[in-house]
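Here are the chains, one letter per residue:
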Amino acid sequence: MDPQQEFLDRFRTTGEAESIWLKDIFRFISEFISPVVCGSAEDHASSGEAVCPGQLSVCVVRTIQEQLSVTHSLPISYRPVSILELLSQQHMACVSNLSWSTNLQRAWSEEAELRLPSHRALPRVHLLLIGCLREGRGGEWRLMDASGSIRCDCVCPAPVWLNRPVFLPHWNYIPHHALGPEEDGRHVELVGSPVLLGPASEPGWGAGPGGGVVGVREAISFLRSRTRGQRLSVCGYVGLVCPLLVVSGTSFFCFLLSDERLSVPVLVKGRQLWWAQCVCVGQSVCVTALRVCMLRGWRGNRILCVTDSSDIHTHYAQHIHNDSPSHTPSLLVSHTNDGEAEPEEDAVQSAVRIKLSRVISYKGTVTEVVSEGAGLYVIDGTVGLCVAYQPALQRGLRAGDSVELHHVHFLYGSCPDFPPSILCTCLRSSIRVTTFSKVGGLPPDVGCPSDGVLPLLLLETNVGVSEYLWTCHLSSQLSHSLAPSVVQQQCVCVLSWKIMEFVWRGGGGALGRRRDIYSEMLDQPHTCPVTQYGVGSAAHQHVSVAALTQALQDHCWASLSLSALLPPDAASLSSSEVNSALAWSCTTLTSDPPMEGGPWQRPLLLVGMLELPSHKSELVLQLRDGTGALACVVTETSNNEEGGQGAAFNTAWIGCLVCVHKFTMVMERFIQSEFPSYQYLDQHTFITHRRCRVYLQFSLDHLYILSPSVAMVSYLQQNRPASYDEVTRREHTEERTRRGEDSSHSVSSLSATATHPACTGSRPCVSMVIRVEEKEGVAWRNVGAQLREQQAGVGLSFSLRASVIGPVISWGRDPRNESLTDKEVDTQQEGQVVLVFSGVAVRWCPLLHPGLCYRLTAVDNEDTRVLFGCPDPGRSASQQHHNSTLLVQPGWRFHTLTCPLLKHTQAPSPAILSVSDVINCRSEVVCFQALVCDRISLVDRTSDSGDRKSDVRLTVCDQTGRSLQVYLNLSHIAYPHGLLPGNTLLLSAFQRRASRSGNVYCSHLPISSVTVITLGQTSSIQPSAPMMHLGEWAASKQQRCSVGQVRGHGVCFLFLQLQWSCSLCGGVFLQSCSSPRCCSTSSVFQSKAKVAFEDGTGEAHVWFSGVLVRHLLGFSDIQWEGLQSALRVRGHLRLYPQGRNLVSDSDDSLVHFLLSLCGDVSCRQVTLTCRKNASQRSEEVKRFTRGDIDFLTRMAPPLQLTCVEVSHPAGLQ
């Protein structure tokens, strides 16, 4: 009879559909299952297994009916599926359960989505999965049929399942994986146990030396007395399961058999690697045919090892004590972040506390997959899990998996970017999935496609867990913050690792201590890389450019205190003085250490690419990432012998991907207000316009190059024979050679090559070498109609005069910043050229400076005449450079030549004066450098476009303390960055002028330029005033010192005025303003005094105002307020003491009281910081009479000073 018909006759069908279904089952078994079972028929002949397709088909149908608990119908909605069809046709994760009804499936889905609201339950499919379980590579289990095989993950597989045909009643299919090739990631998850298709064989027990099974205690004695050829069977509880390792091409894993307090290690390799799926902690097992072997590399030396005839039997209770061993750790079901759970502190090193981890076991549910490639997960929503210190899991954990962790290290507060509680595995830890997830994974996040590189880098360098977690978090942030073009070209994980080595190890990149894998798995007491970990708040925090900009703008106004912007005598300021003081202010924050009260409590670092300015009004370099760009005031160490700081000049930095780890954040506020007086500062309605500008200040010395530009590679080769990456790569290669490993697969090689810029192809170009002689400032000028990208009109423009070193050279490629060649130098043809920059070309302004040499390159051009400038018919081609004018085109490039040049290319240093030189010289136009002491906005207005146009007065000084004032008219120039107190400026082409009183000051010209050359502490800096003698100071006719300190005592009061004044017009204020044209209702209290002061060498008349009058009179705050109240009705009071006896004919008690206080001034010695007034009286002729004789003599008038500070000796205030 036909086998198919014989099979159909064994079942009663109720219709044609069931008959067709049965035929499909028989065809499927015959085509896909029988060849696999029959191929191993000889192996199963002794067990009597059925290998006939008809009998196997009957067994399958009976099994399916038993699963349905219904014998009168067949599940015709289900169909069998082959492995090949499942892999090729099923592209979505799914679940199949033969016993489900619609209601059960709906309840199952609702429960799964309730536990993980952000995930969706696996969709159900009506597929039947039948195959044969076989062992695969690396200890994995695979489900096989005639069409192929697929990895099969089981919760707790039994050895009897192997090499048997099985039916899977409940399974999940996961079609993708984050790591490895696509075919390696697909797998089936077996939920529950499979149904064996055929009878199971009885286990056969191996024999020990006496034909029986020994316990752990007896097995230890066999280890001590090794006998060649001896085999034994050992039973016990599994106390520890180590992960599967591959060393020198050999795969193996170890586990410990325990009995009470004793344990013996067992090494498994070869054909028995599939045991790794069967062995779990706490299980009773018996292992047969073990031998004693020597384990090189472990000081314990002897270990039990499996043989080809070894077998394992689970749930074995013979010869094992009834109670489980006391040392087996219990499972923790919850964890609280209280102080008791925190490990004890072990040591303190450099502000980072070193703690000891605690070894525990844990049971929970995976709620988030942070990074499968990096081995980071979150359990129960609050506990982090790091499995990177183990080999990569064959099956990555999925959200919703219930896991059982044994011998994991508990760490608290190891990384501020992760949950405080962290569980970290080592080579002694085991991870077992007890329940597979019921939900599908979320779409993969936009991240580094090779995040699996991080564990490989960890294997090479062996860093601590704090550093590794910080690197993983940084890698995730860079994946979102860097520009897409950078992410495509660079490995973000390698960039993060390089930053970690620089930040945490100072750029040394030294290898960590080599891990001893055998001691880590088998030794007691246990030590591993996560036994100790560091805890501290010094971990840097990465922030994107957009987030930094927004946070600074918010902090700029959140930290604003209008009253703090006013001087101490704000109560006496008029309305115009108050609004002028509020017009400009500045707040700064440092990245390391962070400022108290700032938006961040940790040191900051930025990662981005240095670029030329793109915004027309911001003529400084900018740092750009994928979220935005931020202006940067940058300085650089010069290449001269002095090696001092100066403005950034090296164009090789453009295009470099850098990490900025030390910088200053600047927030400038521009406020236009109409406050009547200081009393109305809490009413912000008087602010008519406000704007803030944020930018960074840093030195290029505080940058770490992650990916150099092509020009930077050339620069490093010229100036640094062995760069850091080359040295690091050589050290790593030597280390791997000592280990006997293949250096061609070194991840450090990936680290070196992943950040190397791609070389550009050959592009013809022409170039010439110039030396900048003079440079004018950028200003709004009539640029004419020569620009193609814009119409004629007013635009930013500047020009510079340069010396041409040699002829124009044609190249077949772009030479960039390569060393100067002989053909580019010709002393006979050296001439002058004027380069005009306008439009896009203005962006080169921050990097072009007098005294430096540059190679000007016109790319994609072979005509040398493009660099000859405006032609002169009367000159030959070789003479065209002399005094020619050249309009710089947008596509031209400048490259700084920083290598040592020939002597004739060395430009003499421009004459840069100091403040003292400017005061003493007679030049009309000067170039000098000075330290900014103070900045004041003089004119405050807003244009129609909303941009601030404020004139600025800078007070600058030099090291001698001499100072002068510089006036900048910013209405026709781009608003410069970095004009902050504490910064040193280079002011070029400023006009030196003298006031009518003889004081020297400087004013801005259309050709003037301002360059920040040194960064300092951005706060108001007053030059230290020298101690002066009045006689010497009065005799000095030059502007030798405008501010000085004098120590002496007052002789007498010459004038005292106390007055309530109108805050708007300044008139006397009684109940209202005394001026009929003013209707103001606000008033301020003002005070002035003039005192004769002498120090023994001369006499001076010193003016006091505001709060200084109170200090001079010795009033307390309460007394000063009482005096103001007493004068409220009177409005004003003026005293002119007659002579030095302070005689007054007035009967006013207040006047007599003030005169008595004025008389006490001669009794107190004080130190005054005074400013010399601009207007000083000339010599006077006085008549003296002695008897009948009159004498006429010339006398120097008293020195006129204005006091800025009063210092009383201790105890006399």
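**Comments concerning the overall build of the chain**
Here's step 1: Regarding its fold elements, the chain presents 23 helices and 58 strands.
Here's step 2: The proportion of buried residues among the 1213 residues of the chain is 51%.
Here's step 3: Intrachain contacts of the chain at a sequence separation of at least 6 include 71% that bridge at least 24 residues.
Here's step 4: Summing over all exposed atoms, the chain offers an accessible surface of approximately 55,600 Å²; the carbon and sulfur share of this is 50%.

**A few points about the pairing of strand 49 (residues 1000-1003)**
Here's step 1: Alignment of strand 47 (residues 963-968) against strand 49, held across 3 bridges, turns out to be parallel. Pairing of Tyr967 across the sheet is with Ser1003, part of strand 49.
Here's step 2: Relative to strand 49, strand 48 (residues 984-994) runs antiparallel, the two being bridged by 4 bridges. Among the inter-strand pairings, Arg992 is bridged to a residue of strand 49, identified as Cys1002.
Here's step 3: Counted along the chain from strand 48 to the antiparallel partner strand 49, the turn is 5 residues long, and its residue Gly998 has a positive phi close to 100 degrees.

**Observations regarding the environment of Pro420**
Here's step 1: Among the structural elements, Pro420 can be located in the loop between strand 23 (402-412) and strand 24 (421-424).
Here's step 2: A C-alpha to C-alpha distance of 8.2 Å links Pro420 and Thr382, two positions 38 residues apart in sequence.
Here's step 3: Each residue touching Pro420, except ones within four places of it in the same chain, is listed here: Leu411, Tyr412, Gly413 and Ser414.

**Here we look at the pattern of salt bridges**
Here's step 1: Under the criterion given, the structure shown has 25 salt bridges.
Here's step 2: Salt-bridge contacts for Lys438 lead to Glu111; the nearest nitrogen and oxygen are separated by 3.8 Å. You can see Lys438 sitting in the loop between strand 25 (430-435) and helix 9 (453-461) and its partner Glu111 sitting in helix 6 (residues 102-115), a full 327 residues away along the chain.
Here's step 3: A residue is classified by how much of its surface remains accessible, and Lys438, at 24% relative accessible area, is partly exposed.
Here's step 4: In this structure, Glu140 engages Arg142 in a salt bridge whose closest nitrogen and oxygen atoms are separated by 2.7 Å.
Here's step 5: Of the residues examined, Glu140 reaches a relative accessible area of 9% and is grouped as buried.

**Here we look at the pairing of strand 29 (residues 604-611)**
Regular strands place side chains that alternate from one sheet face to the opposite one.
Here's step 1: The element strand 29 is extensively covered by neighbouring structure, given that 6 of its 8 residues are classed as buried.
Here's step 2: When strand 27 (residues 541-542) meets strand 29, the two strands line up parallel, connected through 2 bridges. When the sheet's bridge partners are listed, His542 is paired in strand 29 with Leu605.
Here's step 3: Bridge count for strand 29 against strand 33 (residues 657-660) is 4 bridges, and the pairing is antiparallel. If you follow Leu606 over to strand 33, its bridge partner there is Val660.
Here's step 4: Where strand 29 meets strand 30 (residues 621-625), 3 bridges bridge the pair, whose relative direction is antiparallel. Paired with Glu611 across the bridge in strand 30 is Gln622.

**Here we look at the confidence of the model for the chain**
Here's step 1: Mean pLDDT over the chain: 81, with 81% of residues reaching 70 or higher.
Here's step 2: Scored below 50 in pLDDT, residues 41-50 makes 10 contacts in the model with residues more than four places away or belonging to other chains.

**Thoughts on the packing of helix 9 against helix 12 (residues 492-505)**
Here's step 1: Their axes nearest at 9 Å, the elements helix 9 and helix 12 cross at an angle of 40 degrees. For the element pair helix 9 and helix 12, the recorded crossing hand is right-handed. Contacts from Val453, Leu454, Leu457, Leu458 and Thr461 of helix 9 reach helix 12 at Cys493, Val494, Trp497, Glu501 and Arg505.
Here's step 2: Grouping the constituent residues of the contact of helix 9 with helix 12 by class yields 7 nonpolar, 1 polar and 2 charged.

**With respect to a nonpolar patch on the surface**
Here's step 1: A surface patch of nonpolar side chains, about 350 Å² in accessible area, is lined by Phe1184, Ile1189, Phe1191 and Met1195.
Here's step 2: The element contributing the most residues to the nonpolar patch is strand 57 (residues 1189-1195), with 3 residues.
Here's step 3: As for its position among the elements, Phe1184 is in strand 56 (residues 1180-1186).

**Here we look at the packing of helix 9 against helix 10 (residues 465-481)**
How two helices sit against one another is set out by the angle between their axes and by the gap between those axes.
Here's step 1: In contact at an axis separation of 11 Å, helix 9 and helix 10 are set at 150 degrees when each is read in the N-to-C sense. Considering their axes alone, helix 9 and helix 10 lie roughly antiparallel with respect to each other. Between helix 9 and helix 10 the crossing geometry is right-handed. Contacts between helix 9 and helix 10 involve Leu454, Pro455 and Leu458 on the former and, on the latter, Tyr468, Thr471, Cys472 and Ser475.
Here's step 2: In the contact of helix 9 with helix 10, the residues fall into 5 nonpolar, 2 polar and no charged.

**With respect to the side chain of Ser572**
Here's step 1: Position of Ser572 relative to the elements: it lies in the loop between helix 14 (545-558) and helix 15 (575-582).
Here's step 2: With relative accessibility at 12%, the residue Ser572 sits in the buried group.
Here's step 3: Excluding residues within four positions of it along the chain, Ser572 makes contact with Glu577, Val1084, Phe1085, Gln1086 and Gly1106.

**Side note on helix 9**
Here's step 1: Helix 9 sits mainly inside the fold: 7 of its 9 residues count as buried.
Here's step 2: The complete set of buried residues in helix 9 reads Val453, Leu454, Pro455, Leu457, Leu458, Glu460 and Thr461.
Here's step 3: Just beyond helix 9, the residue with positive phi is Asn462, at close to 55 degrees.

**With respect to the packing of aromatic side chains**
Here's step 1: Under the counting rule described, the total for this entry stands at 25 aromatic pairs.
Here's step 2: Note on Phe670 and Tyr975: the rings are 5.4 Å apart at their centroids and 85 degrees apart in plane angle, and the pair reads as edge-to-face. Note that Phe670 is positioned in strand 34 (residues 664-673) and Tyr975 in the loop between strand 47 and strand 48, a separation of 305 residues in sequence. Take Phe670 and Tyr975: they sit in the same class, and that class is buried.
Here's step 3: Taken together, the ring pairs connect Trp1060, Phe1085, Phe1115, Trp1120 and Phe1153 into an aromatic cluster.
Here's step 4: When the ring centre of Trp584 is taken as reference, the NZ or CZ atom of Arg935 above it lies at 4.0 Å.

**Quick word on the environment of Tyr975**
Here's step 1: Its relative accessible area of 11% is what places Tyr975 among the buried residues.
Here's step 2: Linking Tyr975 and Leu619, residues 356 residues apart in sequence, is a C-alpha distance of 8.7 Å.
Here's step 3: Within the structure, Tyr975 has its side chain in polar contact with the side chain of Arg935 (distance 2.4 Å).

**Some points on helix 4 (residues 53-68)**
Here's step 1: Over its 16 residues, helix 4 extends 23 Å from the first C-alpha to the last, a length consistent with the 22 Å expected when each residue adds 1.5 Å.
Here's step 2: Of the residues making up helix 4, those classed as buried are Gly54, Leu56, Ser57, Val58, Val60, Val61, Thr63, Ile64 and Gln65.

**Comments concerning the side chain of Asp625**
Here's step 1: Considering the arrangement of structural elements, one finds Asp625 in strand 30.
Here's step 2: Of the side chains with opposite charge, Arg624 comes closest to the buried, unpaired Asp625, at an N-O distance of 7.2 Å.
Here's step 3: Polar contacts involving the side chain of Asp625 include one to the main-chain amide nitrogen of Val545, which spans 3.0 Å.
Here's step 4: With sequence-adjacent residues up to four places away left out, Asp625 is seen in contact with Ser481, Leu482, Ala483, Ser544, Val545, Val607 and Gly608.

**Some remarks on the nonpolar core**
Here's step 1: With 81 residues, the main nonpolar core has Leu548, Met665, Leu696, Phe698, Leu835, Phe837 and Phe894 as its most contacted residues.
Here's step 2: Membership of the second largest hydrophobic core comes to 65 residues, among which are Val403, Leu405, Tyr412 and Leu605.

**Examining the environment of Ser988**
Here's step 1: Its location among the elements puts Ser988 in strand 48.
Here's step 2: Separated by 61 residues in the primary sequence, Ser988 and Cys927 have C-alpha atoms spaced 4.2 Å apart.
Here's step 3: Contact partners of Ser988, with chain neighbours within four places excluded, come to Val926, Cys927, Ser1008 and Ser1009.

**Things to note about unusual backbone geometry**
Here's step 1: In the segment running from Gln524 into Pro525, the intervening peptide bond is cis, with an omega of 0 degrees.
Here's step 2: In this structure, Pro525 sits in the loop between helix 13 (517-522) and strand 26 (532-535).
Here's step 3: Even without glycine at this site, Ser248 takes up a positive phi of about 55 degrees.
Here's step 4: Examined against the element boundaries, Ser248 turns out to sit in the loop between strand 12 (245-247) and strand 13 (250-259).
Here's step 5: Judged by relative accessible area, Ser248 falls into the exposed class, the value being 77%.

Reading guide: rules and limits
Residues numbered from 1 in each chain as written. Predicted model: local features only at pLDDT ≥ 70, side-chain atom pairs only at ≥ 80, totals over all residues. Heavy atoms only, no water. Helix = DSSP H or I, 4+ residues; strand = E, 2+ residues; numbered from the N terminus. Buried < 20%, exposed > 50% of the residue type's maximum accessible area, 1.4 Å probe, protein only. Contact = heavy atoms within 4.5 Å. Areas by Shrake-Rupley, 256 points an atom, 1.4 Å probe, with all protein chains shown as cover. Pairing = 2+ DSSP bridges. Salt bridge = Lys/Arg side-chain N within 4 Å of Asp/Glu carboxyl O. pLDDT = per-residue confidence, 0-100. Axes fitted to C-alpha atoms, helices over the stretch in contact; angles between N-to-C directions. Left-handed = near helix turned anticlockwise from the far one by under 90°. Nonpolar A, V, L, I, M, F, W, Y, C, P; charged D, E, K, R; others polar. Patch = residues over 30% accessible without salt bridge, like charges linked within 9 Å, V, L, I, M, F, W, Y side chains within 5 Å. Parallel < 35°, antiparallel > 145°, perpendicular 65-115°, else oblique. Phe/Tyr/Trp six-rings, centres within 6.5 Å; stacked < 30°, edge-to-face > 60°. Lys NZ or Arg CZ within 6 Å of the ring centre and 35° of its normal. Polar contact = N/O pair within 3.5 Å; in protein donor to acceptor, adjacent residues only side chain to side chain. Expected span 1.5 Å × (residues − 1). Lys, Arg positive; Asp, Glu negative; His and termini not counted. Core = buried A, V, L, I, M, F, W, Y, C linked by side-chain atoms within 4.5 Å.

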